[in-house]
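Each chain is listed here by its residues.
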Amino acid sequence: MDIRTGFFYLFSALLLVAAFRVITARNPVHAALFLVLSFFQAAAVWMLLKAEFLAISLVLVYVGAVMVLFLFVVMMLDIDMDSLRVGFWKHFPLAASVGVLIVLEMAGVLMAGFRPEEPRPMPAVAQAAAAGAQYSNTKELGKLIYSQYLYPLEIAAVLLLVAIVAAIALTLRQRKDSRAMDPSLQVRVKARDRLQIVKLPPTVAAPQPVAAAVENKA
C-alpha cells in the first residue's frame, strides 16, 4: 500500500466518523462543526482524485459560506433541545423504516456499480489523462457542464433564484415584535419634527420663606 492509498483510507475514516457524529451529537453547534470537518475530509479525498476544482469549491462555498451562516443562525436562535426531543420514541419506528429503505436503495446503487460491464468508449477527459496530456480540470468541467449538463444547470439556477427570492420575502415580513424603522420616514423627517422650542419667562417669583409662612399660620 502506497502513501496515497494510506491517505485515502485515513481521510475516508475521518469522514465516516465525522458524518456519524453529525447525526449523533446532542448539541447543534457541535453537529455543525462535525459537518465542517466532514466537508474538509471530502475535499481532501477529491484532491487525491485530482478533482482540485471540486475540492476548492466545496471548501469555499459550503465551509466558507453556508456552514458559517448556519452556525450564526443556530447560535442566535438558541434552540431548546429538550423540547425537540419530545416524542422521539413515538416517531422512531417511522424514522427507522425510512432509514432502512434509504440504506437498501444506496446498497442497490453501489452494488450495481461494482458489477462487470461491457467496455465503453472513454470520455475525452479520461483519454487525455490516460495519454498523459496537459489539460485543465476546470476547463474540461466547464465544457461538460455547459454542453451535456446545460439543462440541469439551468434548473438548479432557477431553484436557487427561487430560494433567494423566498428568503428575501421572509425577511420583509411585518413583525409586531420588531422595532425596525421605516427608512423612507427617516429620510423625510424635518428638524421641527424632532426639536420643539418652548418659551419660558425670564424671571420667576421666589417662593415665600418658611418662617413667614409659619407666622401667617400663627
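Residues numbered from 1 in each chain as written. Predicted model: local features only at pLDDT ≥ 70, side-chain atom pairs only at ≥ 80, totals over all residues. Heavy atoms only, no water.

### Points about the overall build of the protein
Now for step 1: Assigned secondary structure in the protein consists of eleven helices and zero strands.
Now for step 2: Ordered by position in the sequence, the α and β elements of the protein form the string α-α-α-α-α-α-α-α-α-α-α.
Now for step 3: Across the 218 residues of the protein, 11% fall into the buried class.
Now for step 4: Put simply, 53% of the contacts in the protein that link residues at least 6 apart link residues at least 24 apart.
Now for step 5: Working note: accessible area of the protein is about 19100 Å², and carbon and sulfur atoms make up 69% of it. (Helix = DSSP H or I, 4+ residues; strand = E, 2+ residues; numbered from the N terminus. Buried < 20%, exposed > 50% of the residue type's maximum accessible area, 1.4 Å probe, protein only. Contact = heavy atoms within 4.5 Å. Areas by Shrake-Rupley, 256 points an atom, 1.4 Å probe, with all protein chains shown as cover.)

### Examining the nonpolar core
Now for step 1: Of all hydrophobic cores here, the largest spans ten residues; its members are Ala 32, Val 36, Phe 39, Ala 42, Ala 43, Ala 55, Leu 58, Val 63, Met 67 and Leu 71.
Now for step 2: In this structure, Ala 55 is in contact with Ala 43, Trp 46 and Met 47, ignoring residues within four places of it in sequence. (Core = buried A, V, L, I, M, F, W, Y, C linked by side-chain atoms within 4.5 Å.)

### Let's talk about the UniProt feature "transmembrane region" (unreviewed entry) in the protein
Now for step 1: Following the UniProt record, the feature "transmembrane region" (unreviewed entry) maps to residues 6-24, 31-49, 55-79, 91-114 and 149-172 here.
Now for step 2: The distance separating the terminal C-alpha atoms of residues 31-49 is 27 Å; by composition the span is 95% helix and 0% strand.
Now for step 3: Secondary structure over residues 149-172 splits into 92% helix and 0% strand, and the C-alpha atoms at its two ends are 35 Å apart. (UniProt positions renumbered as here; feature names shortened; annotations may be inferred.)

### Comments concerning the environment of Leu 54
Now for step 1: Locating Leu 54 in the fold gives a position in helix α3 (residues 52-77).
Now for step 2: The class of Leu 54 is partly exposed, set by a relative accessible area of 36%.
Now for step 3: Between the C-alpha atoms of Leu 54 and Ala 43, which are eleven residues apart in sequence, the distance is 7.5 Å.
Now for step 4: Look past the residues within four positions of Leu 54 in its chain and what remains in contact with it is Trp 46 and Leu 141.

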